[in-house]
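# Breakdown of the fold
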Amino acid sequence: MDELRILFTGVGRRIELLQAFRQAALSLNVNLKIYGADMTETAPALAYCDYTCRVCGMKDKNYIAELSAICTENHIDMLIPTIDTDLFVLSGNTHVFGNTKVLISKPDKISICRDKNSTVEFFESCGMSIGVKKTKGQLIRAVNRIQGKELCETMKLAQRKF
C-alpha cells in the first residue's frame, strides 16, 4: 500500500473535507497520513488529523518558512490550502516547497476568481455566457426602478380600496 502525506492549511472546521479525503484513500487503497495546520490548537478538524501543527497567521513574515519546514521535516507529498486568503501567498511561493506539490492555481487565475467581473469576462472569453456584468450604478438604478414599480403598484392598490 502506497503512503501519501497531505498537509491541509487552515483546517479549522473542515471535518467533511478531511473525511472525504480519508474515504477516497481507502477506496484507492492508499495509506493516507493527514497533517493539519492551523493558527489555533482548538480547531475542530485537528481531531481528524493524524498529525497537527500550530502555525503563525498567513500575514506573518514567517508563514511560508514555517509551512516549508513542516513539509520538509515530515516529507509532505502535497499541500492543500483551504482558505482563499492563503492562495496569493502560497501561489507566489510554490518554489520554496521543494518536493512538496502545492495544489494551487497560478496567481493570474486566482486574481480572476477573486473578482466577480473578471470571472464573468473570463467565462465569456471561453465562449460561455453566464449573464450580463453590471456596474454598481446599473444595479442601483435597477433596484430603484423595481422599488419605484412596487411603490406604484402599492399606490394603485390603495386607491382601489378607497
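All values reported here derive from a predicted model rather than from experimental measurement.

Rules used throughout
- Residues numbered from 1 in each chain as written.
- Predicted model: local features only at pLDDT ≥ 70, side-chain atom pairs only at ≥ 80, totals over all residues.
- Heavy atoms only, no water.
- Helix = DSSP H or I, 4+ residues; strand = E, 2+ residues; numbered from the N terminus.
- Buried < 20%, exposed > 50% of the residue type's maximum accessible area, 1.4 Å probe, protein only.
- Polar contact = N/O pair within 3.5 Å; in protein donor to acceptor, adjacent residues only side chain to side chain.
- 1 Å grid on protein atoms, 1.4 Å probe; cavity = no way out; pocket = protein on both sides within 12 Å on 5 of 7 lines; lining within 4 Å.
- Points joined across faces, edges and corners; volume = space filled by probe spheres on them.
- Nonpolar A, V, L, I, M, F, W, Y, C, P; charged D, E, K, R; others polar.
- Patch = residues over 30% accessible without salt bridge, like charges linked within 9 Å, V, L, I, M, F, W, Y side chains within 5 Å.
- Areas by Shrake-Rupley, 256 points an atom, 1.4 Å probe, with all protein chains shown as cover.
- Salt bridge = Lys/Arg side-chain N within 4 Å of Asp/Glu carboxyl O.
- Core = buried A, V, L, I, M, F, W, Y, C linked by side-chain atoms within 4.5 Å.
- Contact = heavy atoms within 4.5 Å.
- pLDDT = per-residue confidence, 0-100.

On to unusual backbone geometry. Most peptide bonds adopt trans geometry, and most residues besides glycine take a negative phi value. Non-glycine residue N29 carries a positive phi angle of around 60°. With respect to the helices, strands and loops of the structure, N29 is situated in the loop between α1 (15-27) and β2 (30-38). Overall, N29 belongs to the partly exposed group, its relative accessible area being 47%.

A side-chain oxygen of the first residue of helix α5 (residues 116-125) lies 3.2 Å from the backbone nitrogen of N117; this N-cap is D115. In the stretch just after α5, G127 is the one whose phi turns positive, near 85°.

This next bit is on the layout of surface pockets. Volume-wise, the largest pocket comes out at about 170 Å³. Lining the largest pocket are 13 residues, and of these G10, M39, M58, I83 and D86 sit closest to its centre. Counting only elements with at least two residues in the lining of the largest pocket, the list comes to β2 and α3 (84-91). Split into classes, the residues belonging to the lining of the largest pocket amount to seven nonpolar, four polar and two charged.

Turning our attention to a nonpolar patch on the surface. A surface patch of nonpolar side chains, amounting to about 240 Å² of accessible area, comprises F122, F123 and M128. As for its position among the elements, F122 is in helix α5. A relative accessible area of 32% means that F122 is categorised as partly exposed.

Moving on: the nonpolar core. In this structure, L7, Y63, L67, L79, L90 and F97 are the most contacted members of the largest nonpolar core, which totals 17 residues. Sequence-distant contacts of L67, defined by excluding residues within four places in its chain, comprise L7, T9, A37, V55, L79, L90 and F97.

A few words on the confidence of the model for the protein chain. In low-pLDDT regions, the fine details of the predicted coordinates are not to be read closely. In this model, the protein chain carries a mean pLDDT of 84, and residues with pLDDT of at least 70 account for 79%. Confidence scores differ between elements of the protein chain, with helix α6 (residues 136-161) showing the lowest mean pLDDT of 57 and helix α2 (residues 63-74) the highest of 96.

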